[in-house]
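An overview of the molecular structure
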Amino acid sequence: MDKAAIVGVAQTKYERRKKDQIFADMVFDVTRAALDDAGFSIEDIDNVVTVSNDFFDGRTISGMAVGDASGGQDKNISTVSGDGTFGAFYGLMRVLSGYKATLVVAHCKGSESSAHLTTNGMFDPIFHRHLGIEAISSAALQANVYMNKYNIREEDIALVSVKNHGNAKNNPYAQLPMDITVDDVMKSRKIADPLKLLDCCPVSDGAAAMIIVNETMAGKGKKKPVWIKGVAHCCEEYFLGDRDLANPTALKSAARRAYDMAGIKRPIKDIDVAEVLEPFSYMEPLWLEGLDFCKSGKGSELLKDGVTVMGGNLPVNPSGGALSANPILVAGMARIIEAALQVRGEAGARQVKGANTALAHGFNGPCGQSHCVWIVSGNK
Amino acid sequence: MTEWIKDVEPLTLKGQIAVPYTWWVGETGSRFLVSIRDKQKILGSKCNACGTVFVPPRKNCGRCFVDIDQWVDIADEGVIEACTIVHYSHPVQPVKPPFAYALIKLDGADVGFLHIIKKDLNRIKNGVRVKAKFKEERTGHILDIDSFELI
């Protein structure tokens, strides 16, 4: 792969309800902030990728509504309706195919529609949608399979929520910084067994933007470029019943391809910090297994052993993750941005000391049907 | 300069998109639903390349990327492979919570079949056997199977 880098990043603060900002206001703010961060002007950008979902936005071709706000006028602009990691992947592809600087911007206002109804819409309309299944209940089925297969206790996944809400206290963009205990999670309201309220992400509003450039442009930014060393995504079956929900095969495949590109031999040693998309607590250990940081069924032991906490060998989600703010689609891009900030050494109170190689992960579809894995580094 | 923003009352606008769709169920899906409607029998399809028996039946095998043309009778009972009891409500759910979703490995099939369980929620767990309860009046719809019940 030709060299490409992330040179500008920006996020809004993530909130339950942004009453004072419409989609375009958020997009304009983060677009301008990402340009400022890079030391670029809008004239330096030669193409734009927006990330949004028509069901969530309540309008078709929802990317067109933020074309002006993203500086897309007179530029090649198109939209990815999927997680921000996939939007960024498309942005990278454009740079690799000859564009010099892609602005990728994602937005979502979870507060303005119904996540139950919109995520019910991702299921097959003939066989599944009328059963009422949606993101939370399908995730609960996955948690049930995974935890039963490996005898993982509810307290074990509750600990993920405790860690990530605690980490969020160091992240000024996070929505839910909280001091909570495993007991608090266990006593929180039942949502869909085994998931309780504090095992689940909040409803969030927010936007994020990043600028991906070729090697020439990377030298023109004002910040240290964050080099993209490896990226891959992979998909598995659509129907839940066709999949082994405890074995994220698409993630394993994506991770292997990204590691091969980046020259990562031993992920647990070679990677300094990971930001993974975990809107539900059980997902963090399951994805860590898929990412080959440990053997299958051992993901929750990494946390119990202190590996994934701040100060551990592999801090996971220093930002607080999606459990602490989940603007849908934006949340995956936030993982890349947080990884980039870590590599730059600009992650403030959540900085992992000496972080130089970082992993970011996002997914699309119920129970992680399709995963995207990024490896970024300070080394060219 | 932007001091006036503090005094603005944040208005909202209510809206709803209700677009009617008429989805063609397809040849394979139609045969499956007609069989449930007219005979209370569940059909699957078997990939001749990998041998996987799918239910609901598929016209193609995504794993082998081949056509599927072999039909297989599937039992109306099987084993729970995954389950969750739902404690919240939204308008698309077919029944009021609490109720359960389950992935059920029906006898004769190789993949899980997603459906709901309404009764005996305190006794459901993975490995338990369940049986389909068909509705009296059936229309060629996935909810012609009212739910699954513990055996």
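Our subject in this report is the structure included herewith. Computed from a prediction, not measured in an experiment: that's the story for all the values here. (Residues numbered from 1 in each chain as written. Chains lettered and ligands numbered in written order. Predicted model: local features only at pLDDT ≥ 70, side-chain atom pairs only at ≥ 80, totals over all residues.)

**Some remarks on the overall build of chain B**
Across its full length, chain B holds one helix and ten strands. The order of α-helices and β-strands along chain B, N terminus first, is α-β-β-β-β-β-β-β-β-β-β. Each principal axis of the C-alpha distribution contributes one length, and for chain B these read about 70 × 40 × 30 Å. Split into buried and exposed, the 151 residues of chain B put 31% on the buried side. Sequence separation of 24 or more characterises 49% of the internal contacts of chain B that already satisfy a separation of 6 or more. (Helix = DSSP H or I, 4+ residues; strand = E, 2+ residues; numbered from the N terminus. Buried ≥ 20, exposed ≤ 12 C-beta atoms within 10 Å, placed from the backbone. Contact = placed C-beta atoms within 7 Å.)

**Overview of the overall build of chain A**
A tally of helices and strands in chain A yields 13 helices and eleven strands. Scaling as 2.2 N^0.38, a compact globule of 380 residues should have a C-alpha radius of gyration of about 21 Å, and chain A matches this with 19 Å. On the principal axes, the C-alpha backbone points of chain A span a range of 55 × 45 × 35 Å. In chain A, buried positions account for 62% of the 380 residues. Here the contacts in chain A between residues at least 6 apart in sequence split such that 78% fall between residues at least 24 apart. (Rg over C-alpha atoms; globule rule 2.2 N^0.38 Å.)

**What to know about unusual backbone geometry**
All names here are of chain A. Residue P194 is reached from D193 by a cis peptide bond, and omega for that bond is 5°. For P194, the position within the fold is in the loop between β5 (190–192) and β6 (195–196). The phi dihedral of L329 is positive, around 80°, even though this residue is not glycine. Relative to the helices and strands, L329 resides in the loop between α12 (299–304) and α13 (330–344). A count of 27 C-beta atoms within 10 Å places L329 in the buried class.

**Some thoughts on the nonpolar core**
Residues and elements named next belong to chain A. If you look at the biggest cluster of nonpolar residues, it comprises 168 residues, and the most contacted ones within it are I6, M210, I211, W374 and V376. Per-element tally for this core: the top contributor is α13, with ten residues. Those residues in contact with M210 that sit more than four places away from it in its chain are I6, G8, V9, A34, A88, V104, M333, I336 and I337. (Core = buried A, V, L, I, M, F, W, Y, C linked by C-beta atoms within 7 Å.)

**Thoughts on the sheet that holds strand β3 (residues 76–80) of chain A**
All names here are of chain A. Taken in spatial order, the nine strands of this open sheet run β3-β2-β4-β7-β1-β8-β11-β10-β9, and their pairing is mixed. Looking at the sheet topology across the chains shown, the edges are occupied by β3 and β9 (273–275). Geometrically, the sheet is characterised by an average inter-axis angle of 25° between neighbouring strands, direction not taken into account. Two strands pair when backbone bridges link them, and strand β2 (residues 47–51) and strand β4 (residues 101–109) are joined in this way by five bridges, in the parallel orientation. (Pairing = 2+ DSSP bridges. Axes fitted to C-alpha atoms, helices over the stretch in contact; angles between N-to-C directions.)

**Quick notes on the interface of chain B and chain A**
Taken residue by residue, the interface counts 31 residues in chain B and 29 residues in chain A. For the side of chain B that touches chain A, the secondary structure elements donating two or more residues are β6 (77–86), β7 (99–106) and β8 (113–117) of chain B. Take the side of chain B that touches chain A: its biggest share by element is five residues, from β6(B).

**So, the packing of helix α3 (residues 84–96) of chain A against α13(A)**
Running from amino to carboxyl end, α3(A) crosses α13(A) at an angle of 65°, the nearest separation of the two axes being 6 Å. Facing α3(A), whose interface residues are G84(A), T85(A), G87(A) and A88(A), α13(A) presents V330(A), G332(A), M333(A), R335(A) and I336(A).

**What to know about the sheet that holds strand β5 (residues 70–74) of chain B**
Residue and element names in this part refer to chain B. Spatially, three strands are ordered β2-β1-β5 in an open sheet, and the strand pairing comes out antiparallel. The open sheet has two edge strands, β2 (53–54) and β5, and neither has a second partner. Bridge analysis of strand β1 (residues 42–46) against β5 gives five bridges, and the strand direction is antiparallel. Bridge pairing in β5 places G44 opposite V72.

**Thoughts on helix α5 (residues 135–150) of chain A**
Residues and elements named next belong to chain A. Taking 1.5 Å per residue, 16 residues should reach 22 Å; α5 reaches 23 Å between its end C-alpha atoms and fits that length. Burial analysis of α5 places 13 of its 16 residues in the buried class, the great majority of the element. Positive phi appears at N151, one or two residues downstream of α5, with a value of about 55°. (Expected span 1.5 Å × (residues − 1).)

**Overview of the pairing of β6(B)**
Side-chain direction in a regular strand flips from residue to residue, so the side chains alternate between the two faces of the sheet. Residue and element names in this part refer to chain B. Of all ten residues in β6, eight are buried; the element is thus mostly enclosed. In this sheet, strand β9 (residues 129–134) lies alongside β6 in antiparallel orientation, the contact comprising three bridges. Each residue of the ladder has a partner; that of E77, found in β9, is K131. Looking at chain direction, β6 and β7 are connected through eight bridges and run antiparallel. Bridging across to β7, T84 finds its partner in Y101.

**As for the pairing of strand β10 (residues 357–364) of chain A**
Residue and element names in this part refer to chain A. Counting buried residues in β10 gives eight out of eight residues, a clear majority hidden from the surface. Of the two faces of β10, the one holding T357, L359, H361 and F363 and the one holding A358, A360, G362 and N364 are both buried throughout. In terms of strand pairing, β9 meets β10 through three bridges, oriented parallel. Pairing of E275 across the sheet is with A360, part of β10. Across eight bridges, the pairing between β10 and strand β11 (residues 370–377) is antiparallel. Each bridged residue has a counterpart across the sheet, and for H361 the counterpart in β11 is V373. Hairpin connection, β10 to β11: the antiparallel pair is bridged by five residues, and G365 has positive phi, about 85°.

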